[in-house]
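Here are the chains, one letter per residue:
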Amino acid sequence: MIFMPVILWSDALVFLLIGAVISAVLHVRKREHLMLPWRRLAHSSVAMVSTLVLSLFLVIGLLDTLHYRVALSQNSSGETVYSSEVLSVFDKLVTPLRTRTEKTYSAPFALHLYAKESMTDAQGNVVRDYPRLQYGGAHLADESQSSLDVMKRIANGGVVGFLLGCLLAWLLSRRVTRAPVLVSLVMLVTLVGASVELATAYHVLGTDKVGQDVLYLSLKSIRTGLIIGTLTTLVTLPLALFLGVAAGYFRGWVDDVIQYVYTVLSSIPSVLLIAAAVLMMQVTIDTHPDWFETSAARADLRLVALCLILGLTSWTGLCRLLRGETLKLREMEYIQAAQAFGVSSMRILSRHIMPNVMHIILIALVMDFSALVLAEAVLSYVGVGVDPSMISFGTMINGARLEMGREPMVWWSLAAAFVFMLVLVLAANLFADAVRDAFDPRLNRTESKA
Amino acid sequence: MIAYLIRRILYAIPILIGVNLLTFALFFVVNTPDDMARMQLGIKRVTPDAIDKWKQQRGYDKPLFINTSSSSAGTFTDTIFWNKSASMFVFDFGYSDDGRSISHEIAKRMGPSLAIALPTFIIGLVVYVSFALLMTLFRGTVLDWAGVALCVLLMSISGLFYIIGGQFLVSKLWHLVPISGYSGGADSFKFVVLPILIGVVGGIGSSSRWYRTIFLDEIGKDYVRTARAKGLSELRVLFTHVLKNAMIPILTGVVVVIPLLFMGSLLTESFFGIPGLGSYTIDAINAQDFSVVRAMVFLGSVLYIAGLILTDISYTVVDPRVRLS
Amino acid sequence: MTRLLKVEGLVTRLRDGAAIVDGVSFDIAAGETFALLGESGCGKSMTALSLMRLLPDGIEDHSGSMYLADTPLHSLPEREMRDVRGGRMAMIFQEPGLSLNPVMTVGEQIAEVLALHTGLYGDAALVRCIELLTQVGIPDAARRVTEYPFQMSGGMKQRVMIAMALAGTPKLLIADEPTTALDVTMQAQVLQLLRETQQQSGMGMLLITHDLGVVAENAHRVGVMYAGQIVEQATRGQLFETPLHPYTQKLFAALPDARRSGQPLAAIPGSVPPLGSVVQGCRFASRCDRAWGLCSEQTPAWSEVADGRGVRCHLYVHGIEGGERRKKVRDKRQRLFEVHPPAHSENLLRIDALQVHFPIRKGLLQRTAGYVKAVDGVSLVIPRGHTVALVGESGCGKTTLGKALLGLNPITAGMVSFDGEPLSEVRRGAEMQMVFQDPYASLNPKMRVAEILEEGLTALGIGGDSQERQTHIDSLLDQVGLAKDSKWRYPHEFSGGQRQRIAIARALAVSPQLLICDEPTSALDVSVQAQILNLLKSLQEGLGLSYLFITHNLAVVEYLAHEVCVMYLGRIVERGPTEAVMRNPRHPYTQALLSAVPRIDGTGLEYVRLEGELPSPANPPLGCHFAPRCPQAMPVCANKFPDMTPAGSANHSVCCHLYPLQPN
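Residues numbered from 1 in each chain as written. Chains lettered and ligands numbered in written order. Predicted model: local features only at pLDDT ≥ 70, side-chain atom pairs only at ≥ 80, totals over all residues. Heavy atoms only, no water.

**Here's the deal with the overall build of chain C**
Step number 1: A count of helices and strands for chain C gives 22 helices and 24 strands.
Step number 2: Relative to a compact globule of 664 residues, whose C-alpha radius of gyration would be 26 Å, chain C shows 26 Å and is just as compact.
Step number 3: When its C-alpha atoms are laid out on the principal axes, chain C stretches across 75 × 65 × 50 Å.
Step number 4: Sorting the 664 residues of chain C into buried and exposed places 55% on the buried side.
Step number 5: A sequence separation of at least 24 residues applies to 66% of the contacts in chain C between residues at least 6 apart.
Step number 6: Looking at chain C as shown, the accessible area adds up to about 26800 Å², and 51% of this sits on carbon and sulfur atoms.
Step number 7: Of the charged side chains in chain C, 63 are positive and 68 negative; the average position of the first set lies 1 Å away from that of the second. (Helix = DSSP H or I, 4+ residues; strand = E, 2+ residues; numbered from the N terminus. Rg over C-alpha atoms; globule rule 2.2 N^0.38 Å. Buried < 20%, exposed > 50% of the residue type's maximum accessible area, 1.4 Å probe, protein only. Contact = heavy atoms within 4.5 Å. Areas by Shrake-Rupley, 256 points an atom, 1.4 Å probe, with all protein chains shown as cover. Lys, Arg positive; Asp, Glu negative; His and termini not counted. Charge placed at Lys NZ, Arg CZ, Asp CG, Glu CD.)

Following this line, the structure appears as structure tokens:
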């Protein structure tokens, strides 16, 4: 074997999540009334365009989730030794971006480093100047050609991307008839095409302090953001669902206990609770270095633990919502009809109540997603976010913030992180809005009565 | 009604006990004081003596709950639980790692925190409600649509961007106000104006949109139709009838945060170098000063619960159904 | 006669173009009440809102002309329209509970109108407010003026609404189902108030209602609406004498009452067509048993039959020959029901001194401070194959009693025996079942019909294997008149009447002997109500079911029930065979209740006005619960709750000191 697949904790959970989503899709597809709101969603251009953008992010995130370790040369005893560096399929795909590191900062499309160095010129004099970059634009013999070259590459990549986009749009046009969706598909593919063409020769978004390509960092941050936004729901969902529904349905002492627990949890300001929990987790991780085989595994476990902590501190809102809804539902006549038959409580919960609160859960989850992506950046800034060695929007911002005072300013890391985050969160917010509109029970009711 | 309020206040006690136990478990049971000492001292320099010394300095060398070696009352009082957790009920927070009294620090830093948080809160509320009312008035028109689109865009931008962007634009590019700092005196205005502005702008998106939803919910109700049937103008319907009713759900979300204003904002204060409780907390987190974090957790929940009780009281002011029944 | 309001060709459309109100024309004279009669969704409320120009968002487009005296309402600028609203033209709405602003005192809300339209402010306005509240019959108006809506009962709130409408001294009052949300005794009071006010002020009134009884007692002229159009217009006398349009005729025939109790009601098959679905032809054609070819080809025009009387039907344009060509009417339900229950059948259900009390928790420690005595010592017997009706106003405890029998409410005290044996938890579900009030709330929207019907079988472990169950479900659907393929569909695909059929099938699935029907038709239109009542009767005939029929609708009771129990504040005050109780009510409450029901034939009893409100069941009056409101109360009534005593005919007994036990 030349490589060994590695399944990190977060990978496993992502696969679990994907499995859950697939089975949910299969479940819904068979039921016309469950399909109804999704069909409504498919009729909204905003929803479909944001889905398109989100799926691009998702693909990157998923590729970045397939991890492996490369085999090194065999050692004496014939065993294969694997590199301690954990890579992903995505890393492999963008190898040039990953490996072409400069010495330190360089601006987007720059040919020179951002810091002066002492160099010996052709005449043998030692001068202090901005040295040429090792990789960025290195193919250019004549520096004045750079803008022309950039134009040419944009045109080349753009045309290829445009044609590819048109092909895709044509293939899809039978299923998707909405013009805005197809247009944005073409635009997106064109953009990707141009970026790919450019990124092979330049640092499109510059490089950071240790010379890493900022585009690569931004793309890698996507997975972290997605993981935080989705895996947290794996914790939130069962807690909020079971406790909320149980509190609302059984009332009495069950309700008292659950209400007490969530009032206690929600009365601690969430940043502080997260900070306290993360600090303690850090202590545990730091005092047990022997638990982890690779640094990636450590950073990953910290990410999973962060999701767990975020989930444990944020289920209370949804729980309260579900409790309130269940209190309303349990007075519905169809629940009483079931009770009159002597249907067991568990069955009433699973057949009557849970299906009827699913829309609330879905809306809450998609709304939470963007909030969590934003929260990651803040928490990482505060120092209670992901592991400093893990690439994320938060660590990017945190690293770049220190260079704010530099003259002229190093702005590209910050800008890249903010723009990527904005696109991701905006798409998620628009999608969430569309979901809420499509699943709003008030809309459902008018439709079914008319 | 009085009985109801008293009951709410009494209910706060078990909640605070719960918070206390939870933080105690988090800080002392999940990891032993030995673990904490080992981490703070750094793995390399750890010797049993150093750990003991570290623990003794901070009073972590006692048993957790029951001190068998101590006499009668001391069995319970001479323990970590009693000294570090139970004592917080009388707001005795002990000392931070640099040896200062935490209670004293808190008292000193509340002022600067409030100087930022209170104006942000008040101006913000006025701006958000006005913006939401404007969108409601023009509901269904392009103006409303544009307003909602703006809100979604604004709420998709990271809070960090507002701060960094604002600092860059206002302080660095235009040189209007100093980039950071704070002075207690009359000239503190120039220090607080930018953080306040940023705080207000940062909240427009989510708050205005939420208030707009509340207004729209109210405007669909039957009593609004009655008000219109009286011949009231749309503006008067909105300002007298809808606003009065919408205040009830708005209050739920708003009043509860008033006491928490004392805690200040973590991000704003740390970026602008304001010596408030927010930056105190963030410094403590970065320095891994557990005593301070513990104190802030407890203080935060006390203030939150005070907020809940305030919310109940404010209901009785705005909602006659609560006041009179 | 001067026309106060003249509406010509009013059309109101949804944004998608479907017309909710489609070419409505009528006029109202000063001092006249014009009633718009129709079932839900026919566009009558939208007509009223179009007049006020208060259409909800999303319904904008309208054409046609509307004149209030000489003012063209349709073209008035919004600013001037505001002066008309609440001033010359006022409106009251269906739900008084929702139509008043909950956080403003009633005084403030009335004062708003005064300030706008009469220029009264401050103390003068306050004096006028109190005057108005007194005028609409609110006792202690000076105190009430500072109260909030939630402190008042439903009837009181509707009076406040009326006071608010009168504050602007309107020339025209639009009353949109003003009494639908009220109990029958309240309804009578409010309608009387409206009539009196109209006589005093001489204003015109547009009364919107679905209730023929209300029309009969209040309207001078009537317009019958169907699917957005007025299909018939006549004076009250003409309409009740000889309804012309087949739809109007059917509406009358679908009304249950005592004289029809032996025969099925003439239900109108099907339901109202969805908005905008009928472009061509008569909108009623698909449900009309007199429709012929032309009806589905050509839209009938409005034709004046006599002075001021018109109808929209081909029958009256093409005269009799059109009618002659009509399809042969075949009414398979012409046969009579065999509604003679076994005269001396054994008792199926026996309730002895049943109590359902809910604790009231109060104070710091939430101690039980008292009990809401929702059901307070009710004894009841339901013989096999009989229908026993439980009648009373909302809040009297009748639904609580029904749910307690099913174990949905805990029983505080008392005995329930079924078929001679004490009722056991285990058998309860299979012995009795319930049909609920709201067919939209009683079916889980996320379950298929088959799953809904199977649920009871699974829970009780009966009905054999899945094959047998499916066969059973098929036969159930057949029994309630639904197609077999409906079992794979979801509730939202069915109309209200069909949903109620599914609910009945669900209850029947476990073959109970007793059905508790909790207002099963009150959420349905008259024509659909008739379908359900027919179904219940034929099921009783076929399966020998017994019914406990909980209702406030006395006409349904007369039609369906063998025995009646009248409930007041948790206790039964009068019971007996339907005929005896309805013809010869003894208890003053029963008399008041019966007198309050509007009758279409003018045979109503002399109206007995009830003072005050239903007292709280947490704190019932000492002695006879009804005494504080009773017009015939005696000193003894305030001290002692009367015993049940026989009254006149067999099995008729009453709880009232007016009828002391005769020592015989």
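**A closer look at the sheet that holds strand β3 (residues 33-37) of chain C**
Residue and element names in this part refer to chain C.
Step number 1: Taking strand neighbours across the sheet as the criterion, the eight strands line up as β6-β7-β8-β3-β9-β10-β12-β11 in an open arrangement whose pairing is mixed. Each having just a single partner strand, β6 (89-92) and β11 (303-306) make up the two edges of the open sheet. Averaged over all neighbouring strand pairs, the angle between strand axes comes to 20 degrees, with direction disregarded.
Step number 2: Along the sheet face, helix α1 (residues 44-52) touches β3, β6, β7 (172-176), β8 (204-209) and β9 (221-226) and points at about 145 degrees away from the line of β6. (Pairing = 2+ DSSP bridges. Axes fitted to C-alpha atoms, helices over the stretch in contact; angles between N-to-C directions.)

**Focus on the sheet that holds strand β17 (residues 421-422) of chain C**
Residues and elements named next belong to chain C.
Step number 1: Ordered in space as β14-β13-β16-β17, the four strands form an open sheet in which the pairing is antiparallel. Strands with a single pairing partner mark the edges of an open sheet, and in this sheet they are β14 (367-383) and β17.
Step number 2: Two strands pair when backbone bridges link them, and strand β13 (residues 347-362) and strand β16 (residues 413-418) are joined in this way by five bridges, in the antiparallel orientation. Within β16, the position partnered with Ile351 by the bridge is Val416.
Step number 3: Against the sheet, helix α14 (residues 398-405) touches β13, β14 and β16, its axis set at about 110 degrees to β13.

**Concerning the pattern of salt bridges**
All names here are of chain C.
Step number 1: Tallied over the full model, the rule gives 51 salt bridges over all chains.
Step number 2: Between Glu177 and Lys44 there is a salt bridge whose closest N-O contact spans 3.6 Å. Highlighted residues: Glu177 in the loop between β7 and α8 (184-201) and Lys44 in helix α1, separated in sequence by 133 residues.
Step number 3: You can call Glu177 buried: its relative accessible area is 7%.
Step number 4: Between Arg571 and Asp376 there is a salt bridge, with its nearest N and O atoms 2.9 Å apart. With Arg571 in strand β22 (residues 571-577) and Asp376 in strand β14, the pair connects residues that are 195 residues apart, well separated along the chain.
Step number 5: What you see here is one network of salt bridges that share partners, running through Arg3, Lys6, Glu8, Asp27, Glu32 and Arg221. (Salt bridge = Lys/Arg side-chain N within 4 Å of Asp/Glu carboxyl O.)

**So, the interface of chain B and chain C**
When the parts come together, some accessible area is lost, and that loss is often what is quoted as the size of the interface.
Step number 1: In this assembly, 26 residues from chain B lie in contact with 30 residues from chain C.
Step number 2: Considering only the side of chain B, the residues that lose the most area to chain C are B:Arg225, B:Ala229 and B:Lys230, jointly responsible for 24% of the buried surface there.
Step number 3: Two residues, C:Glu112 and B:Lys230, come together in a salt bridge whose shortest N-O distance is 2.7 Å.
Step number 4: For the pair chain B and chain C, the interface holds nine residue pairs in polar contact (both at pLDDT 80 or more).
Step number 5: Counting residues per element, the ones that place at least two in the side of chain B that touches chain C are α1 (2-29), α10 (222-229), α11 (234-255) and α15 (320-323) of chain B. (Buried area = accessible area lost by both parts, 1.4 Å probe. Polar contact = N/O pair within 3.5 Å; in protein donor to acceptor, adjacent residues only side chain to side chain.)

**Overview of the side chain of C:His357**
Step number 1: Among the secondary structure elements, C:His357 is positioned in strand β13.
Step number 2: Here C:His357 falls in the buried class, since its relative accessible area comes to 14%.

**Considerations on the packing of helix α7 (residues 154-166) of chain C against α8(C)**
All names here are of chain C.
Step number 1: Where α7 meets α8, the axes come as close as 10 Å, and the angle between the chain directions of the two elements is 15 degrees. By the angle class used here, α7 and α8 are roughly parallel. α7 and α8 meet at a crossing whose hand is right-handed. Residue-level inspection shows Gly155, Gln158, Arg159, Ile162 and Leu166 of α7 in contact with α8, the latter providing Met186, Gln189, Val190, Leu193, Leu194 and Thr197.
Step number 2: A breakdown of the residues in the contact of α7 with α8 according to their chemical character gives six nonpolar, four polar and one charged. (Parallel < 35°, antiparallel > 145°, perpendicular 65-115°, else oblique. Left-handed = near helix turned anticlockwise from the far one by under 90°. Nonpolar A, V, L, I, M, F, W, Y, C, P; charged D, E, K, R; others polar.)

**Focus on helix α5 (residues 122-135) of chain C**
Owing to its 3.6 residues per turn, the α-helix brings residues three or four apart onto one side.
Residues and elements named next belong to chain C.
Step number 1: Its 14 residues place the ends of α5 20 Å apart at the C-alpha level, agreeing with the 20 Å of an ideal helix rising 1.5 Å per residue.
Step number 2: Along α5, the residues classified as buried are Ala125, Arg128, Cys129, Leu132 and Leu133. Projected down its long axis, α5 shows its buried positions confined to an angular sector of 135 degrees, all on one face. Turned more than 90 degrees away from the buried face of α5, the exposed residues are Asp123 and Val127.
Step number 3: If you follow the buried residues of α5, they end up packed against α4 (106-117), α6 (141-144) and α7.
Step number 4: The first or second residue beyond α5 is Gly137, which carries a positive phi of 80 degrees. (Expected span 1.5 Å × (residues − 1). Arc of directions from axis to C-beta.)

**Thoughts on the domain arrangement of chain C**
All names here are of chain C.
Step number 1: Assigned domains of chain C: these are domain 1 (1-88 + 171-339), domain 2 (97-169) and domain 3 (347-427 + 512-655).
Step number 2: The C-alpha-based centres of domain 1 and domain 3 are spaced at 34 Å.
Step number 3: Taken together, the contact pairs 40 residues of domain 1 with 32 residues of domain 3.
Step number 4: For the pair domain 1 and domain 3, the two sides together bury roughly 3000 Å², of which 57% comes from carbon and sulfur. (Domains from an automatic or database assignment.)

**Topic: the environment of A:Ala276**
Step number 1: Along the chain, A:Ala276 turns up in helix α10 (residues 270-287).
Step number 2: Take A:Ala276: its relative accessible area is 1%, and that puts it in the buried class.
Step number 3: Taking the C-alpha atoms as reference, A:Ala276 lies 20 Å from A:Asn398; in sequence the two are 122 residues apart.
Step number 4: If sequence neighbours within four positions are ignored, A:Ala276 has contacts with B:Leu26, B:Phe27, B:Val293 and B:Val297.

**Some remarks on the interface of chain B and chain A**
Step number 1: Facing 49 residues of chain B, the contacting portion of chain A comprises 47 residues.
Step number 2: Note on chain B versus chain A: buried area summed over both sides is about 4000 Å², and carbon and sulfur give 75% of it.
Step number 3: Taken together, the connections running from chain B to chain A amount to one salt bridge.
Step number 4: Between B:Arg209 and A:Asp433 there is a salt bridge, and its shortest N-O distance comes to 2.7 Å.
Step number 5: In this assembly, chain B and chain A are joined by five residue pairs in polar contact (both at pLDDT 80 or more).
Step number 6: Where the side of chain B that touches chain A is concerned, the elements lending two or more residues are α1, α2 (33-41), α7 (142-155), α8 (159-173), α9 (189-219), α12 (266-272), α13 (277-287) and α14 (290-318) of chain B.
Step number 7: Counting residues per element, the side of chain B that touches chain A draws most heavily on α14(B), which supplies nine residues.

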